[in-house]
Structures are given as structure tokens and as C-alpha cells.
Amino acid sequence: MAHPSQLGFQDAASPVMEELLHFHDHTLMIVFLISTLVLYIIVAMVVTKLTDKLILDSQEIEIIWTLLPAIILILIALPSLRILYLMDEINDPHLTIKAMGHQWYWSYEYTDYEDLGFDSYMIPTQDLTPGQFRLLETDHRMVIPVESPVRILVSADDVLHSWAVPCLGIKMDAVPGRLNQTAFITSRPGVFYGQCSEICGANHSFMPIVVEAVRLEHFENWSSMMLEDT
Amino acid sequence: MSLQKPIMRGLLAKRLRFHLPIAFGIAITVALSYKFGVTEPRKKAYANFYKQYDAVKEFNAMREAGVFESVRPSGK
């Protein structure tokens, strides 16, 4: 989850998010390079006493300031496309979960083997126990097996929502009448938080997402227990 | 006594010859500082973290701390 005064991304919990972090570092480095150069040139232009009203063109500089940005854009585009195709690779998921957005909660359906479904409402602030996070905790978490490829099918029941978990590098719009697919694999066990990322009404800020990645045998015990309860 | 002829030409070129190398130098220095100060340490940090990462040990530690809701601590 995010921490106070955080500027950068949350720590990555999936390989795709690690790649995105490194790509962001690479692109931000280029941004700093260009911004520093432009700032220096602006200051130099502002303080100069040289003026020439008769300069009309200069082929040399036009070539330089066309080629250089083109090269920089290629240096950004190549890693970007690599990650784009990496995210789309067929990864043979072990599990498929449907995440449905409602006003104002998420519901999860695990229908690969049995019919398991449950709603996930935010825990109101007054009901939190010590150690829980305000506006982030839910009564039922989406539990998945760690280090297993998982496919998520995201849709919505009413209005637009968006299923987002920053540390897994996932954001997928929940559109009524449409199934959007994304897949991920968690690199380590833990609890990962996200929030609805598409304005959906009064309680848009109060329908968080909690993903709990546990070892496979515990995931199986949990799903059996949930099936017995329902 | 004669005055030295003032320089009337090539003023912009002289200014550019002075400032452009400094501008590119500073910009490249900033970029390299970010690369070796932030990017490479971050890559190494992630590599080192997973090199010594024991998922079972960490999972058990989190379980005993009561982090998970699907798995209770082993005593309970």
C-alpha cells in the first residue's frame, strides 16, 4: 500500500510491475535530461544581450532538433513496446476469477471448479480494528495462490468502475456488458491493496480492493471453507 | 595610440561554443546521476531482495503476525 509522503510507485509485487518500475526510471531519466537542457537554454536566452532581427532559418539546427528528438523517442518506444507485448503473453493461468464492479463494492466469483462467489465491502472507519488501514480494508479479501498465474475477468453491473492494484501493476476498466481480461502472477506472499479507479458515484472512493496471496494449500483450505459458508 | 577593433561578428557562434557544451554536459550529468543514483540501485535492490528471499519463511512470519485473513496463525 501507499505510505505518507510517498512520491514514487509502491514496491512491485509482480514481475510486470518490476518491469514497469524500471521502464519508468529509464523514461524519467530522459525527461530530466531534456528538462535540464531546455531550462539551461531558456535561461541563456533570457539573459543574453545578443539580438539579430535578420535570422530567418538555419538548416543545421533544424536537422539537429528533428533528429535528436526522433532518436530519443525511439529509445523510449522500444522498451515500452517490449513491456506491452510482455503483458500480453499467453501465460496459461491456473485460476480465473471474475471481478464485478457494483455501486459500491466489488464481487468476486471463482467458478473454475465450484460456484464460489462473495461480495467485498469496505470496512467502515468506525469498525476498524487497530492495525487496519482506513478506507482500504474489506470484509472479504480476494485470495489467490502465490506465484501462480491468475486471470482476472473484470466487468461491472451498473456503471463504469476500474479494478486497480498498483503494486501488481494492474488497472482494468470494469465496463457494463463487457468482459475485460488481465492476468498477473504475484512474486511473493502478502496482502496488496487497491482502490476503484473510475468515478462511479457517491462512494467511488469507498470500494477498495484487497488481494491476499497465500500458499496453495492455504488457498485450497480457504476456498473449501468459503464454499461451506455459502 | 589606436583603439583595438571591436569584435563585431561571430558573437552568437562564440556564445554557443561556450554554452552548448556546458548545457549538454550538465544535462548528461543529471541523467547519469539519476541512472547510477536511482535506477541501478533500484535494480540491484530488487535482484538482491529476491536472491535471498525465502517465500515460505516470509509467509509463515506474516501468518504468525496475523496479516492474513484466510490463514489464521498456527496457534489458533
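Residues numbered from 1 in each chain as written. Chains lettered and ligands numbered in written order. Predicted model: local features only at pLDDT ≥ 70, side-chain atom pairs only at ≥ 80, totals over all residues. Heavy atoms only, no water.

Cut-off, in case you're wondering: UniProt positions are given in the numbering used here, feature names are shortened, and annotations may be inferred rather than shown by experiment.
An unreviewed UniProt entry annotates chain A as Cytochrome c oxidase subunit 2 of Poecilia mexicana. According to UniProt, the comment filed for chain A under the heading Sequence similarities (unreviewed entry) is "Belongs to the cytochrome c oxidase subunit 2 family." Of chain A, the UniProt comment under Subcellular location (unreviewed entry) reads exactly: "Mitochondrion inner membrane".

**Observations regarding the pairing of strand β10 (residues 208-214) of chain A**
Residue and element names in this part refer to chain A. The test is simple: For every residue, the accessible area obtained with a 1.4 Å probe (protein chains only) is divided by the maximum for its type, and the residue is called buried under 20%, exposed over 50%, and partly exposed between those limits. The helix and strand labels rest on DSSP assignments: H or I over at least four residues marks a helix, E over at least two residues marks a strand, and numbering proceeds from the N terminus. Should DSSP find at least two bridges between two strands, the strands are taken to pair.
Among the 7 residues that make up β10, 7 are buried, leaving the element largely enclosed by the rest of the structure. Of the two faces of β10, the one holding P208, V210, E212 and V214 and the one holding I209, V211 and A213 are both buried throughout. The pairing of strand β4 (residues 142-145) with β10 spans 4 bridges and is parallel. Considered in β10, the bridge of M142 is made with V211. For strand β9 (residues 190-195) and β10, the ladder comprises 6 bridges, and the chain directions are antiparallel. Within β10, the residue paired with F192 across the bridge is V211.

**Thoughts on the confidence of the model for chain B**
Cut-off, in case you're wondering: Per residue, pLDDT measures the predictor's confidence, with a range of 0 to 100.
On average, residues of chain B score 92 in pLDDT, and 97% of them are at 70 or above. This prediction of the complex comes with two scores: 0.91 for pTM and 0.89 for ipTM.

**Some points on the sheet that holds β10 of chain A**
All names here are of chain A. Worth spelling out the cut-off: Here an axis means a line fitted to C-alpha atoms, over the contact stretch when the element is a helix, while the angle between two N-to-C directions is reported on a 0 to 180 degree scale. Should any heavy atoms of two residues lie within 4.5 Å, those residues are counted as being in contact.
Pairing is mixed in the open sheet, where 3 strands are placed in the order β4-β10-β9. Bordering the open sheet on either side are β4 and β9, each of which pairs with just one other strand. Shown here is a sheet whose adjacent strand axes are inclined to one another by a mean of 25°, direction ignored. The strands touched by helix α3 (residues 216-229) are β4 and β10; relative to β4, the strand with the most contacts, the crossing angle is about 140°.

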